[in-house]
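Residues per chain are reported as follows:
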Amino acid sequence: MESRTLYAASILFFFFLYLSGSSAMQHGKKTKRQPCKHLKLFFHDIIYNGENAENATSSIVAAPEGANRTILAAQNHFGNVVVFDDPITLDNNLHSIPVGRAQGMYIYDKKDTFCSWLGFTFVLNSTDHQGTINFIGADPLLMKTRDISVVGGTGDFAMARGIATLMTDAYEGEVYFRLRVDIKLYECW
Amino acid sequence: MESRTLYAASILFFFFLYLSGSSAMQHGKKTKRQPCKHLKLFFHDIIYNGENAENATSSIVAAPEGANRTILAAQNHFGNVVVFDDPITLDNNLHSIPVGRAQGMYIYDKKDTFCSWLGFTFVLNSTDHQGTINFIGADPLLMKTRDISVVGGTGDFAMARGIATLMTDAYEGEVYFRLRVDIKLYECW
Amino acid sequence: MESRTLYAASILFFFFLYLSGSSAMQHGKKTKRQPCKHLKLFFHDIIYNGENAENATSSIVAAPEGANRTILAAQNHFGNVVVFDDPITLDNNLHSIPVGRAQGMYIYDKKDTFCSWLGFTFVLNSTDHQGTINFIGADPLLMKTRDISVVGGTGDFAMARGIATLMTDAYEGEVYFRLRVDIKLYECW
């Protein structure tokens, strides 16, 4: 009798051990470092320079005293605010069919090196993804990789949080650049 | 004897089943989709147009080359940055007693349609709510409803996260608009 | 026999009670209000006024109609957008060795009092901390303490969330101010 009771108790024991364990796996931030979603996307920025109105996807809208809004400011563009609406593609080809738009602004915020501050949204609209991902963070442009925060999302990305790694994939004069964005979401619905 | 022991074990079993279940309800993001707080508020934006200094609650502060700061820019206002301090009300009446202020900025960020990018804070100060709610996101104005992210909060909304649905409740020329904001918080303290 | 079995069951009972309890402590937002990280830092802002180009760490880049970009606007600077790259120090001395830079923007967003809206990043680069902390929120400058949101982080502060309390530690004319920032992170990796 005793052995049968202990056997039942043992089953209970391991059952709850399993429950507790899986609970810790799900919720314990210490143990869960695998992204729940992972996207690799590119976006393309063509800045207005007074001559490319038709193709331009971004525009300087603010500048410090002494600077204008068709030429990026001296001192590493410190003080320029740029508003953008850039196509997002699955590969590095500007002419691929866009899967969405990157919309928001960047601010050049350092005098002694190229560095910007970003606030923007990926508005994705494709068969794979419908929804938005919101980003903010510092972007020290000359570093090979830069991490910014995914601070929220909507639609397919509702309540998302994570980290996005930016890489400059191309930089042509002061008119075109292409960023590769490696988005790792660690909180998903 | 055995039956009594198994009876005790069964009680334990269901007790822990209950604990585990409620734990999953509380923490499992898959199962918990009910907002922990839900607010419906309106805010009212009166943009400065050179003649309404007394009533205006917002002002164009940046514009692309060729545009000025009293008339919204051509091409769907692309490139305009607007700073605002708008009254928040419980109903759709501009003259109701405000329960707080919506403070921040919006940026018109598309040439081919009306679309803006928002970064702002609800500073609530009423008998019901004391605290702030921070929002960012894309706002494609012509859609009936648009979702943005609640990325944080303070005071009564400490550590809040969620999703806010914006609806244009009124739009009068290019001087006044009223947004209805349906705030669903899914993370609360 | 019965007593031994009940004894075993009791051990199980308290073992799982302990597991459930610690789980609630770890995950239940109601009970866990101790920050997982706590930093106290200062940052220093020297605004460009047309004469201090060498020392200035920030610059007015946008202003409402009628205002310029070397003198802060009338009406409590409503509508001024300032881009900054400010040194962060461990104490209140501007000349201490910086442990990082505060980069981003502030926007004066009220006509009837001093108030700003902040979007910025702490880029920390010292032996103690390597990583970034991203902030947004409203900053009613005349209040003794103001709370804003930590909405994300990278590096040592990966996935951080929390609340930062700002205190004006010094304010000299309209050229220099120093903020004390008390950062309490409630979500850490």
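Worth saying up front: this structure is predicted, and the values here are computed from it rather than measured.

Engineer: Would you mind going over the overall build of chain A in detail, with residue names and values included?
Structural biologist: Across its full length, chain A carries 1 helix and 9 strands. Written out in order from the N terminus, the α and β elements of chain A read α-β-β-β-β-β-β-β-β-β. Here chain A holds 189 residues, and 56% of them are scored as buried. The contacts of chain A with a sequence gap of at least 6 include a subset with a gap of at least 24, amounting to 46%.

Engineer: Which residues make up the state of the cysteines, and what values go with them?
Structural biologist: Residues and elements named next belong to chain B. Counted under the stated rule, the structure contains 3 disulfides over all chains. Sulfur-sulfur distance for the disulfide between C36 and C188 comes to 2.1 Å. With the S-S bond torsion at 85 degrees, the cross-link from C36 to C188 turns out right-handed. One end of the pair, C36, is in the loop between α1 (2-27) and β1 (37-46); the other, C188, is in the segment after β9 (176-187), and 152 residues separate them in sequence. Look at C36 and you get partly exposed, because its relative accessible area is 36%.

Engineer: Requested: an account of the environment of B:H95, with residues and values cited.
Structural biologist: Residues and elements named next belong to chain B. Inspection of the secondary structure puts H95 in the loop between β3 (81-89) and β4 (100-108). For H95, a relative accessible area of 71% gives the class exposed. Between the alpha carbons of H95 and H44 there is a distance of 9.8 Å; along the sequence they are 51 residues apart.

Engineer: Give me the lowdown on the environment of A:N80, citing residues and values where you can.
Structural biologist: All names here are of chain A. In this structure, N80 sits in the loop between β2 (58-62) and β3 (81-89). With residues near it in sequence (within four places) discarded, N80 still touches I60, A62, A63, P64, N68, L72, A73, Y106, I107 and Y108. Side-chain polar atoms of N80 contact the backbone oxygen of A62, separated by 3.3 Å.

Engineer: An account of the packing of aromatic side chains is needed here, citing residue identities and associated values.
Structural biologist: All chains considered together, the criterion is met by 33 aromatic pairs over all chains. Measuring from ring centre to ring centre gives 6.0 Å for B:F43 and B:F84, while their planes differ by 10 degrees; the resulting arrangement is stacked. A residue pair is termed long-range when its members are at least 10 positions apart, and B:F43 in strand β1 and B:F84 in strand β3 qualify at 41 residues. The pair formed by B:F43 and B:F84 is uniform in burial state, with each residue classed as buried. Clustering of aromatic rings is evident, with ring pairs tying together A:F43, A:F84, A:Y106, A:Y108, A:F120, A:F122, A:F135 and A:F177. The residue whose ring lies beneath C:K111 is C:F78, and the NZ or CZ to ring-centre distance is 5.9 Å.

Engineer: A description of the pattern of salt bridges should follow, citing residues and the corresponding values.
Structural biologist: Tallied over the full model, the rule gives 23 salt bridges over all chains. In this structure, C:R69 and A:E65 form a salt bridge, with 3.7 Å as the shortest nitrogen-oxygen distance. Of this pair, C:R69 sits in the loop between β2 (58-62) and β3 (81-89) while A:E65 sits in the loop between β2 and β3, which puts the two residues in different chains. Exposure remark for A:E65: the relative accessible area of 38% places this residue in the partly exposed category. Across the salt bridge formed by A:K110 and C:D85, the nearest N and O atoms sit 3.3 Å from each other. Of this pair, A:K110 sits in the loop between β4 (100-108) and β5 (116-125) while C:D85 is found in strand β3, placing the two residues in two different chains. C:D85 sits in the buried class, given a relative accessible area of 6%.

Engineer: Report on the side chain of C:T57, specifying residues and quantitative values.
Structural biologist: Summarising the element assignment, C:T57 is placed in the loop between β1 (37-46) and β2. Within polar-contact distance, the side chain of C:T57 engages the side chain of C:D86 at 2.7 Å. Residues within four places of C:T57 in sequence aside, it is in contact with A:F78, C:H44, C:D45, C:I46, C:V83, C:F84, C:D85, C:D86 and C:P87.

Engineer: I'd like to hear about the pairing of strand β6 (residues 130-139) of chain C, residue by residue, with values.
Structural biologist: Residue and element names in this part refer to chain C. Among the 10 residues that make up β6, 9 are buried, leaving the element largely enclosed by the rest of the structure. Bridge count for strand β5 (residues 116-125) against β6 is 10 bridges, and the pairing is antiparallel. Across the sheet, the residue bridging to T121 is N134, located in β6. Between the antiparallel neighbours β5 and β6 lie 4 residues. In this structure, β6 lies alongside strand β7 (residues 146-155), joined through 6 bridges in antiparallel fashion. Residue pairing across strands places F135 opposite V150, the latter belonging to β7.

Engineer: Can you lay out unusual backbone geometry for me, pointing to particular residues and giving the numbers?
Structural biologist: Positioned with a positive phi, A:H77 is a non-glycine residue whose angle comes to about 65 degrees. Relative to the elements of secondary structure, A:H77 occurs in the loop between β2 and β3.

Engineer: Any chance you could break down the pairing of strand β8 (residues 161-172) of chain B for me, citing the residues and the numbers?
Structural biologist: Residue and element names in this part refer to chain B. By the bridge criterion, 5 bridges tie strand β7 (residues 146-155) to β8 in an arrangement that is antiparallel. Each bridged residue has a counterpart across the sheet, and for D147 the counterpart in β8 is T165. Where β7 hands over to β8, the hairpin turn is made up of 5 residues, of which M159 adopts a positive phi near 65 degrees. Where β8 lies against β9, 11 bridges are found, and the strand directions are antiparallel. Paired with G162 across the two strands is L185, which belongs to β9.

Engineer: Tell me about the confidence of the model for chain A, and please be specific about residues and values.
Structural biologist: All names here are of chain A. Looking at chain A as a whole, its pLDDT mean stands at 88, while 83% of the residues score no less than 70. Counted against residues more than four places away or in other chains, residues 20-29, with its pLDDT under 50, gives 17 contacts. Model confidence for the complex is summarised by a pTM of 0.85, with the ipTM given as 0.83.

Engineer: Explain the side chain of C:T132 to me, and be specific about the residues and the numbers.
Structural biologist: Looking at the element boundaries, C:T132 is found in strand β6. Only 2.6 Å separates the side chain of C:T132 from the side chain of C:T154, close enough to count as a polar contact.

Engineer: So what about the environment of C:I47? Which residues, and what values?
Structural biologist: On the secondary structure map, C:I47 appears in the loop between β1 and β2. With 112 residues separating them in the primary sequence, C:I47 and C:M159 have C-alpha atoms 32 Å apart.

Quick notes on the rules
- Residues numbered from 1 in each chain as written.
- Chains lettered and ligands numbered in written order.
- Predicted model: local features only at pLDDT ≥ 70, side-chain atom pairs only at ≥ 80, totals over all residues.
- Heavy atoms only, no water.
- Helix = DSSP H or I, 4+ residues; strand = E, 2+ residues; numbered from the N terminus.
- Buried < 20%, exposed > 50% of the residue type's maximum accessible area, 1.4 Å probe, protein only.
- Contact = heavy atoms within 4.5 Å.
- Disulfide = S-S within 2.5 Å.
- Polar contact = N/O pair within 3.5 Å; in protein donor to acceptor, adjacent residues only side chain to side chain.
- Phe/Tyr/Trp six-rings, centres within 6.5 Å; stacked < 30°, edge-to-face > 60°.
- Lys NZ or Arg CZ within 6 Å of the ring centre and 35° of its normal.
- Salt bridge = Lys/Arg side-chain N within 4 Å of Asp/Glu carboxyl O.
- Pairing = 2+ DSSP bridges.
- pLDDT = per-residue confidence, 0-100.

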